[in-house]
Amino acid sequence: GYSTSAGIENPINPSIKVHCTQLLINGNFVDSASGKTFPTYDPRTGDVIAHVAEGDAEDIDRAVCAARKAFDEGPWPKMTAYERSKVLFRFADLLDKHIEELATLETWDNGKPYEQSAKIELPMISRIIRYYAGWADKIHGLTIPADGPHLVQTIHEPIGVAGQIIPWNFPLLMFAWKVGPALACGCTIVLKSAEQTPLSALYAAKLLHEAGLPPGVLNVVSGFGPTAGAALASHMDVDKLAFTGSSETGKIVLELASKSNLKPVTLELGGKSPFIVCKDADVDKAVELAHFALFFNQGQCCSAGSRTYVHEVVHDEFIEKAKARALKRSVGDPFKAGVEQGPQIDSEQFEKILRYIRSGTESGATLITGGDRLGSKGFYIQPTVFANVKEDMLIAQDEIFGPVQSILKFRDMDEVIRRANSTRYGLAAGVFTNDLDTANTLSRALKVGTVWINCYDVFDATIPFGGYKMSGQGREKGVHCLSNYLQVKAIVAPLKNPAW
Ligand code: NAD
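**A word on the overall build of the protein**
In terms of regular secondary structure, the protein is built from 14 helices and 24 strands. The globule rule puts the C-alpha radius of gyration for 500 residues at 23 Å, and the 24 Å found for the protein is close to it. Each principal axis of the C-alpha atoms in the protein carries an extent, and together these give about 75 × 65 × 40 Å. Across the 500 residues in the protein, those meeting the buried criterion constitute 58%. A separation threshold of at least 6 residues defines the contact pool for the protein, and within that pool the share at least 24 residues apart is 73%. Within the structure as shown, the protein displays about 19,700 Å² of accessible surface, and the carbon and sulfur contribution to it stands at 55%.

**A few points about helix 6 (residues 199–210)**
With 12 residues, helix 6 extends 17 Å from end C-alpha to end C-alpha; this agrees with the ideal 16 Å at 1.5 Å per step. Summarising burial for helix 6: 11 of the 12 residues are buried, a large majority. Of the positions making up helix 6, those classed as buried are Leu199, Ser200, Ala201, Leu202, Tyr203, Ala204, Ala205, Lys206, Leu207, Leu208 and His209. Gly212 sits one or two positions beyond helix 6 and adopts a positive phi of about 110°.

**Looking at helix 4 (residues 114–135)**
Every α-helix winds through 3.6 residues per turn, so residues three or four apart in the chain are directed the same way. With 22 residues, helix 4 ought to run about 32 Å at 1.5 Å a step, and its terminal C-alpha atoms sit 31 Å apart, in line with that. The sharpest bend along helix 4 measures roughly 35° and falls at Glu121, with the proline Pro123 sitting one to four residues further on. Next to the buried residues of helix 4 lie helix 2 (81–97), helix 3 (99–110) and helix 5 (171–185).

**Considering the packing of aromatic side chains**
Under the criterion given, the structure shown has 13 aromatic pairs. Relative to Phe459, the ring of Trp177 has its centre 5.8 Å away and its plane inclined at 50°; by these criteria the two rings are tilted. Highlighted residues: Trp177 in helix 5 and Phe459 in the loop between strand 21 (450–453) and strand 22 (468–469), separated in sequence by 282 residues. The residues Trp177 and Phe459 share a single accessibility class, namely buried.

**What to know about the site of the ligand**
By nearness alone, 28 residues border the ligand, and Trp168, Glu195, Ser246, Lys352 and Glu399 come closest of all. At 3.3 Å, a backbone N or O of Gly245 approaches a nitrogen atom of the ligand. Contact between the ligand and Lys352: an oxygen atom at 2.5 Å from a side-chain N or O atom of the residue. Against a free-state accessible area of 800 Å², the protein chains account for coverage of 90% of the ligand.

**Side note on the layout of surface pockets**
In this structure, the second largest pocket spans a volume of roughly 260 Å³. What lines the second largest pocket is a set of 17 residues, among which Ile120, Phe292, Phe296, Arg329 and Glu340 lie closest to the centre. Secondary-structure elements contributing two or more residues to the lining of the second largest pocket are helix 4 and helix 9 (283–295). Ranked by the residues each element gives to the lining of the second largest pocket, the list is headed by helix 9, at 5 residues. Per-class residue counts for the lining of the second largest pocket are 7 nonpolar, 4 polar and 6 charged.

**So, the sheet that holds strand 7 (residues 143–144)**
Ordered by their spatial adjacency, 3 strands build an open sheet running 7-8-24, and the pairing between neighbours is antiparallel. Strands with a single pairing partner mark the edges of an open sheet, and in this sheet they are strand 7 and strand 24 (486–494). Pairing of strand 8 (residues 150–158) with strand 24 involves 9 bridges; the strand directions are antiparallel. What sits directly across from Glu157, in strand 24, is Gln487.

**Remarks on the pairing of strand 15 (residues 307–311)**
Among the 5 residues in strand 15, 5 count as buried, and that is most of the element. Residues Arg307, Tyr309 and His311 point to one face of strand 15 and Thr308 and Val310 to the other, with burial holding for every one of them. Once you follow strand 14 (residues 274–277) into helix 9 and on to strand 15, the crossover reads as right-handed. Here strand 15 runs beside strand 18 (residues 404–410); their pairing, made up of 4 bridges, is parallel. Across the sheet, His311 pairs through a bridge with Phe410, a residue of strand 18.

**Looking at empty space enclosed by the protein**
Inspection of every chain in the model, using the stated rule, returns 3 cavities of 30 Å³ or more. Computed from the structure, the largest cavity encloses a volume of approximately 70 Å³. As for the largest cavity, its lining consists of 13 residues, and the residues nearest its centre are Gly299, Ala304, Ser306, Ile400 and Phe401. Of the residues in the lining of the largest cavity, the class split is 7 nonpolar, 4 polar and 2 charged. Put simply, the second largest cavity is a space of about 60 Å³. Lining the second largest cavity are 16 residues, with Pro274, Arg307, Tyr425, Gly426 and Val448 sitting closest to its centre. By residue class, the composition of the lining of the second largest cavity is 7 nonpolar, 5 polar and 4 charged.

**A few points about the packing of helix 2 against helix 4**
For the pair helix 2 and helix 4, interaxial distance at closest approach is 8 Å and the crossing angle is 170°. The orientation of helix 2 with respect to helix 4, classified from their angle, is roughly antiparallel. Between helix 2 and helix 4, the contacting residues are Ser85, Leu88, Phe89, Phe91, Ala92, Asp93, Leu95 and Asp96 on the first element and Leu122, Ile125, Ser126, Ile129, Arg130, Tyr132, Ala133 and Gly134 on the second. Along the lines of polarity and charge, the residues of the contact of helix 2 with helix 4 split into 10 nonpolar, 3 polar and 3 charged.

**Section: the sheet that holds strand 14**
Strand order in the open sheet formed by 7 strands is 16-17-18-15-14-20-21, with mixed pairing between adjacent strands. Each edge of the open sheet is held by one strand with a lone partner, namely strand 16 (366–369) and strand 21. Taken pair by pair, the neighbouring strands of this sheet meet at an average axis angle of 25°, ignoring direction. The pairing of strand 16 with strand 17 (residues 384–387) spans 3 bridges and is antiparallel. Following the sheet pairing, Thr366 is matched in strand 17 by Ala387. Taken strand by strand, helix 9 contacts strand 14, strand 15, strand 17, strand 18 and strand 20 (428–432), and its axis lies near 135° from that of strand 18. Lying on the sheet, helix 10 (residues 312–328) is in contact with strand 14, strand 15, strand 16, strand 17 and strand 18; it crosses strand 15 at an angle near 135°.

Calculation criteria
Residues numbered from 1 in each chain as written. Predicted model: local features only at pLDDT ≥ 70, side-chain atom pairs only at ≥ 80, totals over all residues. Heavy atoms only, no water. Helix = DSSP H or I, 4+ residues; strand = E, 2+ residues; numbered from the N terminus. Rg over C-alpha atoms; globule rule 2.2 N^0.38 Å. Buried < 20%, exposed > 50% of the residue type's maximum accessible area, 1.4 Å probe, protein only. Contact = heavy atoms within 4.5 Å. Areas by Shrake-Rupley, 256 points an atom, 1.4 Å probe, with all protein chains shown as cover. Expected span 1.5 Å × (residues − 1). Bend = angle between axes of the 7 residues up to and from the residue. Phe/Tyr/Trp six-rings, centres within 6.5 Å; stacked < 30°, edge-to-face > 60°. Near = heavy atom within 4 Å. Polar contact = N/O pair within 3.5 Å; in protein donor to acceptor, adjacent residues only side chain to side chain. 1 Å grid on protein atoms, 1.4 Å probe; cavity = no way out; pocket = protein on both sides within 12 Å on 5 of 7 lines; lining within 4 Å. Points joined across faces, edges and corners; volume = space filled by probe spheres on them. Nonpolar A, V, L, I, M, F, W, Y, C, P; charged D, E, K, R; others polar. Pairing = 2+ DSSP bridges. Right-handed = clockwise from strand over helix to strand, strands pointing away. Axes fitted to C-alpha atoms, helices over the stretch in contact; angles between N-to-C directions. Parallel < 35°, antiparallel > 145°, perpendicular 65-115°, else oblique.

Structure, rendered in structure tokens:
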């Protein structure tokens, strides 16, 4: 049973309340072992929304025990794949039915525009759950014609208990990217949400149980990184770890995994993705797409097109128009219709972004527009554009994770390829051109996991996503993600009469 509270009313839509604030362990909402809670804040005001149970090592251990039992004793991994797929399909239907509640929780806790939550992200979330629901009964091995008189088959088994650690920039979408493939494969899960945004994962997990998920299959522990997160990464009974967040924390969890039980780890980390505007570009269209590539989600995207390379032939016109577009961006209360940009997630990120803006000016970049906070309440930042940015500046190397566009001028292809590849990251890139040879050359030369040509941030469920270099290891979404949650077992037996 779910012991949920009477609920905390959303100030914009009082009918929508926060009910789920406890940890979800073995199918029940429970307090943390320590009894501790932590506040989660409304980034529009900095006010507390709710106090949420704070999980720590002991709670992670309880959750892993429940997931272990649910894996070893079933029924989940032993159910037919079709039965598992039906649970996921029912979950997707419930996600669609509860778009308003889920999108409200997401915007309230994260600050992203409500229209974005409800009309862009929620449909992507149910879509990816259906995508993996469809895979559940299509995962199978091979019969292999090996040398010698042997019957050789491979079977794909679920890897076991998956630990999953997710960030705050897309709380529900990251939840779906993680739990969809793991559940389709028959794994059980302990998921740790981000401490900034614990609310939507708890509500979605409740819906998943309503869809028929057996207890213990998905456990959700809210809490902090160095306590709950580290306990999960180093737990001896977790068989696989999937992490999304910063490259710094990625290094830590990889080390914890190797120092404990060598659990395999997939990492989706940061980026400093180039967006390359070629000389043949229609400048108005290029400006609009480059603006979207950087400013979407308050600039808080791992894939943000945060180095805008513009060919010298169109450069000056591009700067003027990029400035005009940034000035036109509507920033304000994310619950208001038509608002494109809400507040940043919290005071820490807010201060960090303002520090990067100061560093940009100090290192000699030209501030074209913006450059300061907006208003005096909440974590709003002016859409900011820098020109004359050089690769040796901090703002061209570090992930700012905010509404700060950096424009760099280039002359020829070889030069832009070399410069675009000159960071420690390799997550994504945008190429804006109508020239087929340019598009082909750039998309092959860039050392990144995704190249978007004349489009950006196309996150279809079917397309693999992941990073080169320090942007990560492994792929999520699409068919490639399944292998993260599977063991391939080879079964070899002698053939009595090899002639037949
Ligand atoms: P983070 O990497 O610290 O947090 C991501 C997740 O990891 C959270 O759930 C967090 O609790 C957990 N975590 C933190 N320390 C941990 C530890 N020692 N062991 C296990 N888990 C741990 O990211 P952040 O501090 O929220 O943000 C910092 C920067 O990270 C941002 O400015 C941005 O550059 C980057 N970031 C990237 C993404 C992405 O999608 N790639 C998402 C969020 C943040």
